[in-house]
Amino acid sequence: MFELPELPYALDALAPYMSAETLEFHHGKHHRAYVDKLNELVVEGPYKGMALEDVIRQAVGKPEDRVLFNQAGQHWNHSHFWLGMKKGGGGNIPGTLEKQLIADFGSVDRFRQEFKAACIAQFGSGWAWLVFDGEKLAITKTGNADTPLTDGHAALLTCDVWEHSYYIDYRNLRPKYVDAFLEGLVNWEAVADRFEAAVQ
Ligand code: MN3
């Protein structure tokens, strides 16, 4: 059985950048619904007992497993998203990662601009990502439940740009939400740890 992971912070810890009400709905209702539906779909058949990453890799691109893939991808993406944020986030970037951001984007500011642009440019529901492709850092976008896991890229940071992620706090203003995410929420230590793990 897949389980909804507990948030690594209190519901009100990310305010005012992300409200308790948003987390209550987003984690407690949206993410929970993906997990519940996923469990219903894998209860019998070839995916029974399989690890989440394996479900995603095996279901991707199979039209008959599209609904199951969507639940599994959303479970994985959200679990990644929660761990990429913290109370008092958005501050200093650990040295090794900062150097790599400067090497691959020109400057940290330039990275922020490009990441924000990707969040805004994702048409409809989806995700923007900072990934490590084996050689360098890169920014990518995925639609709906798609995930860099199936591209062989190591996901380092993601911003959920589904409307349910920002509509309570920012209404239709996705750029304002992305600014808040970058300035006040990103857990750069967690991103740096993922980078170290991906490089090894
Ligand atoms: Mn979401």
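Structure: above.
In this text the structure is predicted, and so the values were computed from the model without any measurement.

*Asks:* Any chance you could explain the packing of helix α2 (residues 52-59) against helix α3 (residues 66-83) here in plain terms?
*Replies:* In helix packing, the relevant descriptors are the interaxial angle and the interaxial distance, both defined with respect to the helix axes. One can describe the packing of α2 onto α3 by two numbers: an axis separation of 9 Å at closest approach and a directional angle of 135 degrees. When the axis of α2 is compared with that of α3, the two are oblique. Crossing geometry of α2 relative to α3 is assigned as left-handed. On α3, the residues touching Leu-52, Glu-53, Val-55, Ile-56 and Ala-59 of α2 are Leu-68, Phe-69, Ala-72, Gly-73, His-75 and Trp-76. Taken together, the residues of the contact of α2 with α3 sort by class into 8 nonpolar, 2 polar and 1 charged.

*Asks:* What am I meant to see in unusual backbone geometry here?
*Replies:* For residues that are not glycine, phi is negative in most cases, and the peptide bond is trans in most cases. Following Ala-15, the chain continues into Pro-16 via a peptide bond in cis, with omega recorded as 5 degrees. Examined against the element boundaries, Pro-16 turns out to sit in the segment before α1 (20-41). Look at Asn-144: it is not a glycine, yet its phi comes out positive at around 50 degrees. A residue is classified by how much of its surface remains accessible, and Asn-144, at 41% relative accessible area, is partly exposed. Phi is positive for Arg-171, close to 50 degrees, though the residue is something other than glycine. For Arg-171, the position within the fold is in the loop between α6 (167-170) and α7 (174-185). The class for Arg-171 is exposed, based on a relative accessible area of 52%.

*Asks:* Explain the coordination of the manganese ion to me, please; I cannot follow it from the model alone.
*Replies:* Around a metal, the ideal angle is 109.5 degrees if four donors adopt a tetrahedral arrangement and 90 or 180 degrees if six donors adopt an octahedral arrangement. Binding of the manganese ion to the protein goes through His-26 (NE2), His-78 (NE2), Asp-160 (OD) and His-164 (NE2), at separations of 1.9 to 2.1 Å. Each donor residue of the manganese ion lies on the same chain, and together they follow the pattern H-x51-H-x81-D-x3-H. Here the residue His-26 occupies a position in helix α1, and Asp-160 occupies one in strand β3 (residues 154-160), the gap between them amounting to 134 residues. For the pair His-26 and Asp-160, one class covers both residues: buried.

*Asks:* Could you clarify how one ought to interpret the pairing of strand β2 (residues 137-143) in this entry?
*Replies:* When a strand is regular, its side chains alternate between the sheet's two faces. Where strand β1 (residues 126-132) and β2 come together, 7 bridges link them in antiparallel fashion. If you follow Val-131 over to β2, its bridge partner there is Ala-138. In this structure, the hairpin formed by β1 and β2 is closed by a connection of 4 residues, where Gly-134 is found at a positive phi of approximately 110 degrees.

Rules and cut-offs
Per chain, the residues get numbers from 1 upward, laid out in the order the sequence is written. Only residues with pLDDT of at least 70 get local features here, since the model is predicted, and only at 80 or more are side-chain atom pairs given and counted; chain-wide, interface and lining totals rely on the full set of residues. Side-chain measures here rest on the full set of heavy atoms in the structure, leaving out hydrogens and waters. Interaxial angles span 0 to 180 degrees and are taken between N-to-C directions of axes, which are lines fitted to C-alpha atoms, for helices over the stretch in contact. For helices the rule is a DSSP run of H or I covering at least 4 residues; for strands it is a run of E covering at least 2, with both sets numbered from the N terminus onward. Note that the term roughly parallel is reserved for angles under 35 degrees, roughly antiparallel for angles over 145, roughly perpendicular for angles of 65 to 115, and oblique for everything else. Helix crossings fall into two classes, left-handed where the near helix is turned counterclockwise from the far one by less than a right angle and right-handed where it is turned clockwise. Two residues form a contact once any of their heavy atoms are found within 4.5 Å. Charged means Asp, Glu, Lys or Arg here, nonpolar means Ala, Val, Leu, Ile, Met, Phe, Trp, Tyr, Cys or Pro, and polar covers whatever is left, Gly included. Relative accessible area decides the class of each residue, using a 1.4 Å probe on protein chains only: under 20% of the type maximum gives buried, over 50% gives exposed, and in between gives partly exposed. Here a donor is an N, O or S atom found within 2.8 Å of the metal, or within 3.2 Å if the metal is Na, K or Ca; sites may look incomplete because water is not among the atoms. Pairs of strands are assigned from DSSP output, requiring at least two bridges between the strands.

Remember, this is a structural readout, not a statement about activity or role.
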